[in-house]
Amino acid sequence: MPNFIRIAARTIAYSWASPNTILGITIGLLLGGRFQCVDGVIEIHGRGVANVLGRLLVPAMAMTLGHVVLGRDPISLNVTRNHERVHVRQYERWGIAFVPAYLACWLVLSLRGRDGYRDNPFEIEAYAVDSLTTTK
Ligand SMILES: [Zn+2]
């Protein structure tokens, strides 16, 4: 792929996911997290982030919002990196529709008596790239 097309594609992907990225940065700032950039993704961790992730409906080691990954600590970010990068790619495809689509899948699955998290196609895709079973 020619370089200018790759740059244009990446610019569009970052722009398309930017509302969720801004939300992730805002949450990271409000929680007093430590920021680092890894392969074009902002990773944020800290005690406040860990507190919130531990209180989610499904307690998580990490969670992705656009091009931001919130993690409990640096180890959690390392362990979940491949999984969370799949979610970053999903945000790049779905943009602001990602969260509603994810939650809609969760709701429909739950109403059908299935696991809204484990059976969620977005999670199935993410788990397909790693062997983890305990991250979000
Ligand atoms: Zn996940």
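Please read these numbers as outputs of a predicted model, since none were measured by experiment.

(A) Focus on the environment of E125. Tracing the backbone shows E125 in helix α5 (residues 121–127). It is 9.4 Å that separates the C-alpha atoms of E125 and Q90, two residues lying 35 residues apart in sequence. The residues touching E125, leaving out its near neighbours within four places in the chain, are V86, Q90 and R93. Polar side-chain contacts of E125 include one of 2.7 Å to the side chain of Q90.

(B) Spatial organisation of the nonpolar core. Judged by nonpolar contacts, the single largest core of 17 residues is most densely connected at L70 and Y102. The set of elements that each furnish at least two residues to this core consists of α2 (47–54), β3 (62–65), β4 (68–71), α4 (98–111) and α5. Per-element accounting of this core gives the leading share, four residues, to α4. Once residues within four sequence positions are removed from consideration, L70 is found in contact with G24, I27, G28, I44, V49, L53, M61, A62, M63, L65 and L77. If you look at the next biggest cluster of nonpolar residues, it comprises five residues, including V41, V69, L77 and V88.

(C) Focus on the coordination of the zinc ion. Here the zinc ion is held by H83 (NE2), H87 (NE2), E123 (OE) and E123 (OE), and the distances to it run 2.0 to 2.7 Å. Of the residues examined, H83 reaches a relative accessible area of 0% and is grouped as buried.

(D) Structural context of the packing of aromatic side chains. Summed over the entire model, instances satisfying the criterion amount to eight aromatic pairs. When the ring of Y102 is compared with that of F122, the centres are 6.0 Å apart and the planes differ by 25°; the resulting orientation is stacked. With a gap of 20 residues between them, Y102 in helix α4 and F122 in helix α5 connect regions that are remote in the sequence. By relative accessible area, F122 is classed as buried at 7%. An aromatic cluster of at least three residues, connected via ring pairs, comprises Y91, W94, F98, Y102, W106, Y117, F122 and Y127.

(E) Here's a closer look at unusual backbone geometry. Positioned with a positive phi, D39 is a non-glycine residue whose angle comes to about 55°. Take D39: its relative accessible area is 69%, and that puts it in the exposed class.

(F) Region of the structure containing the sheet that holds β4. With respect to topology, four strands assemble into an open sheet ordered β1-β2-β4-β3, the strand pairing being mixed. Where the open sheet ends on each side, the last strands, each with one partner, are β1 (34–38) and β3. Within this sheet the neighbouring strands show an average axis-to-axis angle of 25°, counted without direction. Examined bridge by bridge, strand β2 (residues 41–45) and β4 share four bridges and lie parallel to one another. Across the sheet, residue H45 finds its bridge partner in β4, namely G71. With respect to the sheet, helix α1 (residues 3–30) is in contact with β1, β2, β3 and β4, its orientation differing from that of β4 by roughly 35°. Lying on the sheet, α2 is in contact with β2, β3 and β4; it crosses β4 at an angle near 85°.

Rules used in this analysis
Residues numbered from 1 in each chain as written. Predicted model: local features only at pLDDT ≥ 70, side-chain atom pairs only at ≥ 80, totals over all residues. Heavy atoms only, no water. Helix = DSSP H or I, 4+ residues; strand = E, 2+ residues; numbered from the N terminus. Contact = heavy atoms within 4.5 Å. Polar contact = N/O pair within 3.5 Å; in protein donor to acceptor, adjacent residues only side chain to side chain. Core = buried A, V, L, I, M, F, W, Y, C linked by side-chain atoms within 4.5 Å. Buried < 20%, exposed > 50% of the residue type's maximum accessible area, 1.4 Å probe, protein only. Donors = N, O, S within 2.8 Å, 3.2 Å for Na, K, Ca; no water. Phe/Tyr/Trp six-rings, centres within 6.5 Å; stacked < 30°, edge-to-face > 60°. Pairing = 2+ DSSP bridges. Axes fitted to C-alpha atoms, helices over the stretch in contact; angles between N-to-C directions.

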